[in-house]
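# Descriptive structure summary
Chain by chain, the residues run as shown.
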Amino acid sequence: MLRGVEVCGEGTIGHVRSQEEWPLTTSPIGSDVADEISETGCDNLLHCLSSTLENDPGEQFLVFGPSDPTVAVRGGEAVLPCSVFPAMSLEDMEELRWFRTRFSEAVLVYRDQEEQKEGQMPEYSWRTLLVKDQFHQGKAPVRIQNVQASDSGIYVCHFKQGLFYEEAILELKVAGCYLLRREHSARREVQQKLRNLPREKDELQQTKEDALRTTNVLKEELGRRKAAYNAAWRKAQLYADWRKEHFQAWTFTLDPDSAHPNLAISQDKMSVTQKDSTVCLDDLFTVLGIKGISSGRYYWEVKLRNREGSKWILGVCREGVDRKDFYFERPDKGFWTVGQSGSGYWAYIDTGRASLSIGQAPQSIGVFVDYTEGDISFYNMSDMSHLFSFHEASFSGNLFPYFRIRSGEVSMIISSMTCASEVGEGEEGRKGKKRSRGKEREEGKDGEEKMILEVRKMDVDIGASPA
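Procedures and definitions
Residue positions are given per chain, counting from 1 as you read along its sequence in written order. A pLDDT threshold of at least 70 governs which residues receive local features in this predicted model, and a stricter bar of 80 or more applies before side-chain atom pairs are shown or counted, although totals over entire chains, interfaces and linings include all residues. Side-chain descriptors were evaluated using all non-hydrogen atoms of the structure, hydrogens and water having been removed beforehand. Put simply, DSSP H or I for four residues or longer makes a helix, DSSP E for two residues or longer makes a strand, and each gets a number counted from the N terminus. The classification of residues rests on relative accessible area computed with a 1.4 Å probe and restricted to protein chains. Under 20% of the type maximum is buried, over 50% is exposed, and intermediate values are partly exposed. The contact criterion used is simple: two residues touch if any of their non-hydrogen atoms lie within 4.5 Å. Accessible areas in this description were obtained via Shrake-Rupley with a 1.4 Å probe; residue shielding takes into account the shown protein chains only. Here the nonpolar core consists of buried residues drawn from Ala, Val, Leu, Ile, Met, Phe, Trp, Tyr and Cys, with membership extended through side-chain atoms lying within 4.5 Å. For this document, the term salt bridge refers to a Lys or Arg side-chain nitrogen within 4 Å of an Asp or Glu carboxyl oxygen. By definition, disulfides here are pairs of cysteine sulfur atoms that lie within 2.5 Å. Two N or O atoms count as a polar contact when they lie within 3.5 Å, although within protein this holds only if one can serve as hydrogen donor and the other as acceptor, and sequence-adjacent residues are included solely when both atoms are side-chain atoms. Paired strands are those between which DSSP finds at least two bridges. Note on definitions: angles span 0 to 180 degrees between N-to-C directions of axes, and those axes are lines fitted to C-alpha atoms, for helices only across the stretch in contact. Pairing of aromatic side chains here covers Phe, Tyr and the six-membered ring of Trp, requires ring centres within 6.5 Å, and sorts the geometry by plane angle: under 30 degrees stacked, over 60 edge-to-face, intermediate tilted. Any Lys NZ or Arg CZ found within 6 Å of a ring centre and within 35 degrees of that ring's normal is scored as a charge over the ring.

## Some points on the overall build of the protein
- For the protein, the helix and strand inventory stands at six helices and 26 strands.
- Sorting the 467 residues of the protein into buried and exposed places 42% on the buried side.
- In the protein, of all internal contacts separated by at least 6 residues, the share reaching a separation of at least 24 is 62%.
- Summing over all exposed atoms, the protein offers an accessible surface of approximately 25700 Å²; the carbon and sulfur share of this is 49%.

What follows is the structure in structure tokens.
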């Protein structure tokens, strides 16, 4: 027996069976028709069905309904189409019956050429109408008026002539029913959210209060640690940004008269690089800052660009040191420096050089000179970590910023926060200073917030001996 056969997309067709049983499945073709199709081996189903019915001596036919559900709006009108094949006049059909899941649950009954009220469910009385103007085409649609939510579901159209009958299954979906369910669900969701709103507001307020308390605790801890740091900042080789508060920014430019001919000094005299990086006489490529330090505490930063694969040295040197002949940068020669060579980063000391522990490759080096205490310290400004310190150095005369490029395409750029603020004069200069101060305040606030977030990770040993 073939099941669920569709003909040219027209719909689902019924099959021959008794009225005692009607399963709610897609209607299959009667076994006698299916066997006939199998025996003839027809390629075209409509041709096969037509040939089968023509060869059958009885008045047999097939019943079709739409394969897709019919959709109607609650309160509107629904039309459930149903037709027979081959097309024939339905006016003299013995019985046309539309019912729900049970044969006795009649939606509409047409018998003896008129609609019958007997057996019709009360809820469909006066709401159903058989459209007869298409009877001659073999079509018998039923119109349901004032559609209700309960009308949604399965319908069966049952056509009977003599001992033979056929049926087709249809489905009606009432849109209003689904809309009501969605509206009800949405309403319940809104009500639930409204009920949860006070609790969520309380939880949010509690979260804010907890965060505020945590922030206050962290700020207090930050203040305590900073106070401890300030009390012994010379011993604490930590936090370059805090160390800056005890030093003045040293503003200077490069001295072109002190530069080797193979060094290119920028027009603003704030950066230096090699003119020809292929030249190998690397021991002579030096330049000094134009101003020397003879007292006080000062710092400056040197940004490094294109440092990969380059060799460079920077720091300070005593006024009048010999830079013409071959030499090594050492404190006993008047040089206090750090640098990079092919094998790593180094501090250049009297006995040769000391390897530096680098966590993050420095993009900028901070130089801190405490002339009074005889201390010169270097910091990696990329991660604010301490690199090296020369303690109890013996100074005499001026100390000048010192730069040496041994090889490579590295550029060393002087960076000082006061440089930019001293450029402008007059009203524009004052405006520039205000903007600079405002930016510094914002950066300071951001830095403090960052420190608050990271203070739990800090393990400050203010009393630690210098490394």
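Back to the text.
## Examining the nonpolar core
- The biggest cluster of nonpolar side chains holds 40 residues, and the ones touching the most others in it are Trp300, Leu314, Ile376, Phe378, Phe403 and Met412.
- Top element by residues in this core is strand E17 (residues 297-305). It accounts for four residues.
- In this view, Phe403 contacts Phe252, Leu254, Phe285, Thr286, Val287, Val302, Ile313, Leu314, Met412 and Ile414; residues no more than four positions away in its chain are not counted.
- Ranked by size, the runner-up nonpolar core spans 30 residues in total, among them Leu90, Met93, Val142 and Ile144.

## Quick look at the pattern of salt bridges
- Scanning all chains against the criterion turns up twelve salt bridges.
- For the salt bridge of Lys160 with Glu94, the shortest nitrogen-to-oxygen distance reads 2.9 Å. You can see Lys160 sitting in strand E11 (residues 153-161) and its partner Glu94 sitting in the loop between strand E5 (83-85) and strand E6 (95-99), a full 66 residues away along the chain.
- Take Lys160: its relative accessible area is 18%, and that puts it in the buried class.
- According to the relative accessible area criterion, Glu94 is partly exposed, its value standing at 37%.
- Arg404 is paired through a salt bridge with Glu329; the nearest N and O atoms lie 2.6 Å apart. Pair noted here: Arg404 is in strand E25 (residues 399-407) and Glu329 is in the loop between strand E18 (311-318) and strand E19 (335-341), with a separation of 75 residues, a long-range link. No difference in accessibility class separates Arg404 from Glu329, as the two residues are buried.
- Each of Glu95, Arg97 and Arg111 takes part in salt bridges that share partners, so that together they form one network.

## Observations regarding the state of the cysteines
- For the structure on display, the rule yields one disulfide.
- The residue that forms a disulfide with Cys82 is Cys157, at a sulfur-sulfur distance of 2.0 Å. Taken together, the residues span a long stretch of sequence, with Cys82 in the loop between strand E4 (78-80) and E5 and Cys157 in strand E11 at a distance of 75 residues. This pair shows no difference in class: Cys82 is buried, exactly as Cys157 is.

## Describing the environment of Ser152
- Checked against the element boundaries, Ser152 lands in the loop between strand E10 (142-144) and E11.
- Residues Ser152 and Ala175, spaced 23 residues apart in sequence, show a C-alpha to C-alpha distance of 8.8 Å.
- One polar contact links the side chain of Ser152 to the main-chain carbonyl oxygen of Leu172, over a distance of 3.3 Å.

## Re unusual backbone geometry
- That bond from Phe85 to Pro86 is cis: its omega, -5 degrees, falls within 30 degrees of zero.
- Although it is not a glycine, Asn146 adopts a positive phi angle of roughly 45 degrees.
- With respect to the element layout, Asn146 can be found in the loop between E10 and E11.
- Assessed through its relative accessible area of 41%, Asn146 is described here as partly exposed.

## What to know about the sheet that holds E19
- Read from one edge of the open sheet, six strands run E16-E25-E18-E19-E20-E21, paired in antiparallel fashion. Of all strands in the sheet, those with a lone pairing partner are strand E16 (286-288) and strand E21 (352-355), marking the two edges. Going across the sheet, the axis of each strand differs from the next one's by a mean of 20 degrees, ignoring polarity.
- One ladder, built from three bridges, connects E16 with E25; its direction is antiparallel. If you follow Val287 over to E25, its bridge partner there is Phe403.

## Quick look at the packing of aromatic side chains
- Summed over all chains, the structure comprises 16 aromatic pairs.
- Pairing Phe247 with Phe368 gives two aromatic rings, centres 5.2 Å apart and planes at 85 degrees, and the pair type is edge-to-face. Of this pair, Phe247 sits in the loop between helix H4 (240-243) and strand E13 (248-249) while Phe368 sits in strand E22 (residues 364-370), placing them 121 residues apart in sequence.
- Ring centres of Phe335 and Tyr402 lie 5.1 Å apart, and the angle between their planes is 70 degrees; this geometry places the pair in the edge-to-face category. Residue Phe335 is located in strand E19, and its partner Tyr402 is located in strand E25; the two are separated by 67 residues in the primary sequence.
- Relative accessible area serves as the criterion here: at 2%, Phe335 is assigned to the buried category.
- The class of Tyr402 is buried, set by a relative accessible area of 0%.
- Following the ring pairs from residue to residue traces out a cluster consisting of Phe247, Tyr299, Phe368 and Tyr379.
- Lys117 extends its terminal NZ or CZ atom over the ring of Trp126, reaching a point 4.4 Å from the ring centre.
- Stacked on the ring of Phe368, the Lys or Arg Arg243 has its end atom at 5.9 Å from the ring centre.

## With respect to the pairing of E22
- Taking burial as the measure, the seven residues of E22 include seven buried ones, the bulk of the element.
- Burial along E22 is two-sided: the residues Ser364, Gly366, Phe368 and Asp370 and Ile365, Val367 and Val369 are all buried.
- Looking at chain direction, E17 and E22 are connected through seven bridges and run antiparallel. Looking across to E22, one finds that Val302 is bridged to Ile365.
- Relative to strand E23 (residues 375-380), E22 is paired through six bridges, and the arrangement is antiparallel. Directly across from Asp370, in E23, lies its bridge partner Asp375.
- In this antiparallel pair of consecutive strands, E22 and E23, the connection spans four residues, and Gly374 shows a positive phi of 70 degrees.

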